[in-house]
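# Report on the structure
Below, each chain spelled out in residue letters.
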Amino acid sequence: MKNYYITTAIAYTSGKPHIGNIYEIILSDSIARFKRFQGYNVFFQTGTDEHGQKIEEKATNKNQTPKQFVDDVAQIIKGLWDKANISYDKFIRTTDDYHEKQVQKIFKKLYDQGDIYKGYYEGWYCTPCESFWTESQLVDGKCPDCGREVKKAKEEAYFFKMSKYADRLKEYYNNHPNFVLPVSRKNEMLNNFINKGLQDLCVSRTSFKWGVPVDFDSKHVVYVWLDALTNYITGLGYDVAGNNQENFKKFWPADLHVIGKDIVRFHIIYWPIFLMALNLPLPKQVYGHGWLLQDGEKMSKSKGNVLYFDDLAEVFGCDAVRYYVLSEMGFENDGLVGWELMTEKINSDLANVYGNLVSRTIAMTNKYFNGTVENTFESDAVDQSLIEVVEGAYKKVESKFNELKISDAISEVMAIFKRANKYIDETCPWILAKDESNLNRLKTVLYNLCEAITVGTTLLAPFMPETANKVAKMLNTKLRTLDNVQKFGLEKQFNVTNSPEVLFPRLNLKDVMEKAEIIKEKQIKEYMQESKTEPNKNAKTEVSNKTENQAKAIIDFDTFSKAELKVGTIVNSEKVEGSEKLLKNTVKLGDEVRTIVSGIAKTYNPQDIIGKQVVVVTNLAPRKLKGILSEGMILCAFDEETNNLALVSPITEFKDGCEVS
Ligand code: ME8
């Protein structure tokens, strides 16, 4: 049996992963499941990346030791992976004893052989990215990777001689044109880093303790990326001393590392170079997928727009979420995720196409034949076209998997169900049922539908495993194997359930949005709670941004258009107890009514402003003022010299909810 080793990036244990992080795990899971179906002996590894300064700081803020902190988060992550039905074979943690020991030995070996040397680092440090930058690498004085503030740092440090391996790396790229997919990501790395000359990489830190200690120089801990990347070999039982475990012998080099586009550099430059230095074969392929964006934006807790798998799965179901993310994200581009988008797609693909097909087929089989149909061979020309689609599907799906075009693979499966629904329209079973002489033909029609569903569901199983098993049970059949997935008409008869479950009930957008609102409020509450226990970072950045803003730098149009401004009417206003400055206003913005707390009580009495039209910033993150959740900001003109203040209003009366731009 051929072996296949697939890995995901290991998730940072700095907090609960969002739907974008878990997309990659679901993607890898579907590939692993498909490979198993093809008969490969698959080893699927995922896990957690648990060291680093950010984690040390978070733990301190929570009055926990870093180990307690990562234990909790790793548990949450494992729980989420299990909820998403991830069929991993190994969940590695970088705090695992075996891993840590091997990291120390790897570091020592690289030092002993002269690839790592001791020196000084002077430059800029980005804590969230745990990366050093030179002045010229900064973009507008900020971290070129994440755009956040950097701080000046000078440290004694160990360095890895990257440039020594640059030519060999380029040669590997040339000889393995499919090493990195999509190819554009490799070109980006070549242009931005390798061709400009690789700089030696700082591979130890002294400014914090939460890492794998360098065992021959205890002031230093190993750079998190050197620690994290080696998980791919330590998880298999790689041993620097040469006593490799069976799994390592069987599965290394990896067939596929699945990662996000932001960490391609680490995987196609640093990782292969570390492996070259260890004299190990390089992975066969690295796939850098795009990002899932929340309605077009990067997800962030402070914006309150983070979507989590468990919340989404509670509303839509696990497999529907798996289906959505896999079909939405193309091979190269980013994908979009959001409550509305998901509702639409799940309704149109899963409720209307797949669910409907299964439920109609089962209902008709029960109605006309008490649940049992077999092939009576009363065929018609129209059958052939259905059979061709079903028999040809596996090859198409396989070819899409080979190219890692997973959303296209799903479309190929959905094509079976679409074709089968069309077959129902073409054959009109309800008309056949009216004439007894057509009953044998009707039996064949329903039998063909059951066959199409069985084959299609088999191919759907890597993406939606739970649903596939359910449907097989409903048809009282087994999913196909690789040998017979391209054959139509194998089953003798189908004996379907007489109490079918509705697989994907049609979703009502209003209900979904109400649930989403409750989840959002819960998230904001949690965020505020966290901010209370993490006074340092968030507070600091907010304050420093404020000071920067007062300097009123020029902003481009894109930045301006991120603010959503709308006309609203104040329909109620009252004083906030215990505050001289605040009024609690109820503002109507089209169909929506919001509570907005404003510091205008010294200028306006509540009764004076009821009925007034105002301009509201509607996409500000909600925040609590005097215990009241304020959902936006009413614009005012303000004279700093006189302290005069006036509400800003459209010059003529305007429809509520209209955008101001
Ligand atoms: O990067 N959409 O961990 P991580 C899709 N510990 N993928 C996304 C995403 C989004 N919106 N946001 C992040 C790390 N990702 C390191 C990896 S591997 C040796 C160490 C992806 O928890 C991201 O690209 O920040 C990465 O592949 C994965 O989620 C985990 O990100």
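Residues numbered from 1 in each chain as written. Predicted model: local features only at pLDDT ≥ 70, side-chain atom pairs only at ≥ 80, totals over all residues. Heavy atoms only, no water.

## Section: the overall build of the protein chain
Keep this limit in mind: Secondary structure elements are defined from DSSP: runs of H or I of at least 4 residues count as helices, runs of E of at least 2 residues count as strands, and each element is numbered from the N terminus. Here, residues are in contact when the closest pair of their heavy atoms is within 4.5 Å. In short, Shrake-Rupley with a 1.4 Å probe defines the accessible areas, and a residue's cover is counted only from the protein chains shown.
Looking only at helices and strands, the protein chain has 22 helices and 27 strands in total. If one aligns the C-alpha atoms of the protein chain with their principal axes, the spans along those axes are about 95 × 80 × 40 Å. Expressed as a percentage of contacts within the protein chain between residues at least 6 apart in sequence, the contacts between residues at least 24 apart total 75%. Only carbon and sulfur atoms are counted for the fraction: they give 48% of the accessible area of the protein chain, which is about 30,800 Å².

## Details of empty space enclosed by the protein
Condition: Put plainly, a pocket is an open set of points on a 1 Å grid over the protein atoms alone with protein on both sides within 12 Å along at least five of seven lines, a cavity is a set where a 1.4 Å probe fits but cannot get out, and a lining residue has an atom within 4 Å of a point. Grid points are joined across faces, edges and corners, and a volume is the space filled by probe spheres set on the points. Residues are grouped as follows: Ala, Val, Leu, Ile, Met, Phe, Trp, Tyr, Cys and Pro are nonpolar; Asp, Glu, Lys and Arg are charged; all remaining types, including Gly, are polar.
Applying the stated rule across the entire model yields 1 cavity of 30 Å³ or more. One number sums up the size of the largest cavity: a volume of about 50 Å³. Together, Tyr23, Leu27, Tyr287, Met329, Gly330, Phe331, Leu404, Lys405, Ile406 and Ser407 line the largest cavity. Tallied by class, residues from the lining of the largest cavity come to 7 nonpolar, 2 polar and 1 charged.

## What to know about the environment of asparagine 347
This is how the line gets drawn: Burial classes: relative accessible area under 20% of the type maximum marks a residue as buried, over 50% as exposed, and values in between as partly exposed (1.4 Å probe, protein chains only).
Within the secondary structure, asparagine 347 sits in helix H13 (residues 339-369). The buried category is assigned to asparagine 347, whose relative accessible area is 6%. Linking asparagine 347 and threonine 65, residues 282 residues apart in sequence, is a C-alpha distance of 46 Å. Setting aside its immediate chain neighbours within four residues, asparagine 347 contacts Asn352, Pro505, Arg506 and Leu507.

## Section: the site of the ligand
Using the following cut-off: We define proximity as follows: a residue is near a molecule or strand when any one of its heavy atoms falls within 4 Å of that partner. Definition of a polar contact: a pair of N or O atoms within 3.5 Å, with one able to donate and the other able to accept a hydrogen when the atoms are protein atoms, and with sequence-neighbouring residues admitted only if both atoms are side-chain atoms.
In the vicinity of the ligand lie 23 residues, with Ile10, Glu24, Asp49, Asp262 and Leu292 positioned nearest. Take tyrosine 12: an N or O atom from its main chain is 2.9 Å from an oxygen atom of the ligand. Interatomic distance of 3.1 Å between a backbone N/O atom of glycine 20 and a nitrogen atom of the ligand. Taking 660 Å² as the accessible area of the ligand by itself, protein coverage stands at 93%.

## What about the side chain of arginine 93?
Summarising the element assignment, arginine 93 is placed in strand E4 (residues 90-93). Since its relative accessible area comes to 18%, arginine 93 is described here as buried. In contact with arginine 93, other than residues within four places in its own chain, are Thr48, Glu50, Lys67, Val70, Asp71, Ala74 and His99.

## Comments concerning the pattern of salt bridges
As a reminder, the rule being used: Salt bridges are identified by distance alone: a Lys or Arg side-chain nitrogen within 4 Å of an Asp or Glu carboxyl oxygen.
Throughout the structure, instances matching the rule amount to 29 salt bridges. Across the salt bridge formed by lysine 67 and aspartate 71, the nearest N and O atoms sit 2.8 Å from each other. On the criterion of helical spacing, the pair formed by lysine 67 and aspartate 71 is a turn pair, its members being 4 residues apart in helix H3 (residues 66-83). Taking the relative accessible area as the measure of exposure, lysine 67 reaches 35% and is therefore partly exposed. A salt bridge links lysine 443 to glutamate 374; its shortest N-O distance comes to 3.2 Å.

## As for the confidence of the model for the protein chain
Quick reminder of the rule: A score from 0 to 100, pLDDT tells how confident the predictor is in each residue.
Mean pLDDT over the protein chain: 91, with 94% of residues reaching 70 or higher. The low-confidence segment residues 535-551, where pLDDT is below 50, has 9 contacts with residues more than four positions distant or belonging to other chains.

## Description of the pairing of strand E3 (residues 41-49)
This is how the line gets drawn: We treat two strands as partners when DSSP finds at least two bridges between them.
Burial analysis of E3 places 8 of its 9 residues in the buried class, the great majority of the element. With 5 bridges connecting them, strand E1 (residues 3-8) and E3 associate as parallel partners. Bridge pairing in E3 places tyrosine 5 opposite phenylalanine 43. Across 2 bridges, strand E2 (residues 11-12) lies against E3 in parallel orientation. When the sheet's bridge partners are listed, tyrosine 12 is paired in E3 with aspartate 49. The pairing of E3 with E4 spans 4 bridges and is parallel. Opposite glycine 47, over in E4, you have isoleucine 92 as the bridge partner.

## Here's the deal with the packing of helix H1 (residues 19-37) against helix H14 (residues 381-402)
The condition is simple: Every axis corresponds to a line fitted to the C-alpha atoms, with the helix fit spanning only the stretch in contact, and the corresponding angles, defined between N-to-C directions, vary from 0 to 180 degrees. When an angle is under 35 degrees it counts as roughly parallel; over 145 it counts as roughly antiparallel; between 65 and 115 it counts as roughly perpendicular; any other value is oblique. Crossing handedness follows the turn of the near helix against the far one: under a right angle anticlockwise gives a left-handed crossing, and clockwise gives a right-handed one.
Interaxial distance between H1 and H14 falls to 11 Å at its minimum, and their mutual angle equals 130 degrees. Put simply, H1 runs oblique to H14. Classified by chirality, the crossing of H14 by H1 is left-handed. Each of Ser30, Ile31, Phe34, Lys35 and Phe37 in H1 lies in contact with H14, whose residues at this interface are Tyr394, Val397, Glu398, Phe401 and Asn402. Taken together, the residues that form the contact of H1 with H14 break down as 6 nonpolar, 2 polar and 2 charged.

## Some words on the packing of helix H12 (residues 318-328) against helix H15 (residues 406-427)
H15 packs onto H12 with a crossing angle of 115 degrees between their chain directions and a minimal axis gap of 7 Å. Judged by residue contacts, Tyr323, Leu326 and Ser327 of H12 engage Ile406, Ser407, Ile410 and Met414 from H15. Taken together, the residues of the contact of H12 with H15 sort by class into 5 nonpolar, 2 polar and no charged.

## Thoughts on helix H5 (residues 166-175)
Selection rule: Here the arc refers to the directions that run from the helix axis out to each C-beta atom.
Ala166, Leu169, Tyr172 and Tyr173 are the residues of H5 that are buried. Projected onto a plane normal to the axis of H5, the buried residues spread over an arc of 120 degrees and lie on a single side. Exposed side of H5, more than 90 degrees from the buried face: Asp167, Asn174 and Asn175 are the residues found there. Those residues of H5 that are buried are in contact with helix H6 (183-194) and helix H10 (264-277).

## A few points about helix H4 (residues 97-112)
Stated precisely, the cut-off is as follows: Expected span of a helix: the number of residues minus one, times 1.5 Å.
Under the 1.5 Å per step criterion, the end-to-end length of H4 is 23 Å for 16 residues, consistent within 8% with the ideal 22 Å. Of the residues making up H4, those classed as buried are His99, Gln102, Val103, Gln104, Ile106, Phe107 and Leu110. Phi for glycine 114, located one or two positions after H4, is positive at around 90 degrees.

## Overview of the environment of lysine 522
By the secondary structure assignment, lysine 522 is in helix H19 (residues 509-533). On the basis of relative accessible area, lysine 522 is assigned to the partly exposed category, the value being 42%. Each C-alpha atom of the pair lysine 522 and glycine 338 lies 17 Å from the other, and the pair is 184 residues apart in sequence.

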